[in-house]
Amino acid sequence: MSPPSGRAARLVCLFLLGLLLFNYPMLAVFNVSGTVLGVPTLYAYLFFAWSLVIGLAAIVLHAPD
């Protein structure tokens, strides 16, 4: 059995980053009464974190192996 490629390792790290970003302790940090450009802070964080994960996944999947 061959060792995992660099792309597979980067995808695993991206998955773990997603777990960290969307787990309770991080969500509790941003669950405050306030707004960012008129959007509740938690919703702004969720949108930013989700966009970050999607962007990083695009970079990992389109980069040469």
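Residues numbered from 1 in each chain as written. Predicted model: local features only at pLDDT ≥ 70, side-chain atom pairs only at ≥ 80, totals over all residues. Heavy atoms only, no water.

*Asks:* Give a description of the overall build of the protein that names residues and reports values.
*Replies:* The helix and strand inventory of the protein stands at 3 helices and 2 strands. Counting helices and strands in the order they occur from the N terminus, the protein gives α-α-β-β-α. The principal-axis extents of the C-alpha atoms in the protein amount to approximately 50 × 20 × 10 Å. Burial analysis of the protein (65 residues in total) assigns 14% to the buried set. For the protein, restricting intrachain contacts to residue pairs at least 6 apart in sequence, the fraction spanning at least 24 positions comes to 62%. For the protein, the exposed area adds up to about 5,000 Å²; of that, 77% sits on carbon and sulfur atoms. (Helix = DSSP H or I, 4+ residues; strand = E, 2+ residues; numbered from the N terminus. Buried < 20%, exposed > 50% of the residue type's maximum accessible area, 1.4 Å probe, protein only. Contact = heavy atoms within 4.5 Å. Areas by Shrake-Rupley, 256 points an atom, 1.4 Å probe, with all protein chains shown as cover.)

*Asks:* Which residues make up the packing of aromatic side chains, and what values do they have?
*Replies:* Scanning the entire structure with this criterion turns up 2 aromatic pairs. Ring geometry for F22 versus W50: centroids 5.8 Å apart, planes at 65°, classification edge-to-face. Of this pair, F22 sits in the loop between α1 (6-21) and α2 (24-29) while W50 sits in helix α3 (residues 41-62), and the two are 28 residues apart along the sequence. What makes F22 partly exposed here is its relative accessible area of 28%. Both rings, one in F30 and one in Y45, keep their centres 4.1 Å apart while their planes meet at 10°; by these two values the pair is stacked. With a gap of 15 residues between them, F30 in the loop between α2 and β1 (35-36) and Y45 in helix α3 connect regions that are remote in the sequence. (Phe/Tyr/Trp six-rings, centres within 6.5 Å; stacked < 30°, edge-to-face > 60°.)

*Asks:* Which residues make up α1, and what values do they have?
*Replies:* For α1, with 16 residues, the first-to-last C-alpha span of 22 Å sits near the 22 Å given by 1.5 Å per residue. Buried residues of α1: L14, G18 and L21, and no others. The buried residues of α1 occupy one face: seen down the axis, they fall within an arc of 65°. Opposite the buried face of α1, at more than 90 degrees from it, the exposed residues are C13, F15 and L20. On the buried face of α1, the contacting elements are α2 and α3. (Expected span 1.5 Å × (residues − 1). Arc of directions from axis to C-beta.)

*Asks:* Go over the environment of I54, please, and point to the residues and values.
*Replies:* Counting through the fold element by element, I54 comes out in helix α3. I54 gets classed as partly exposed once you look at its relative accessible area, which sits at 47%. Taking the C-alpha atoms as reference, I54 lies 18 Å from L42; in sequence the two are 12 residues apart.

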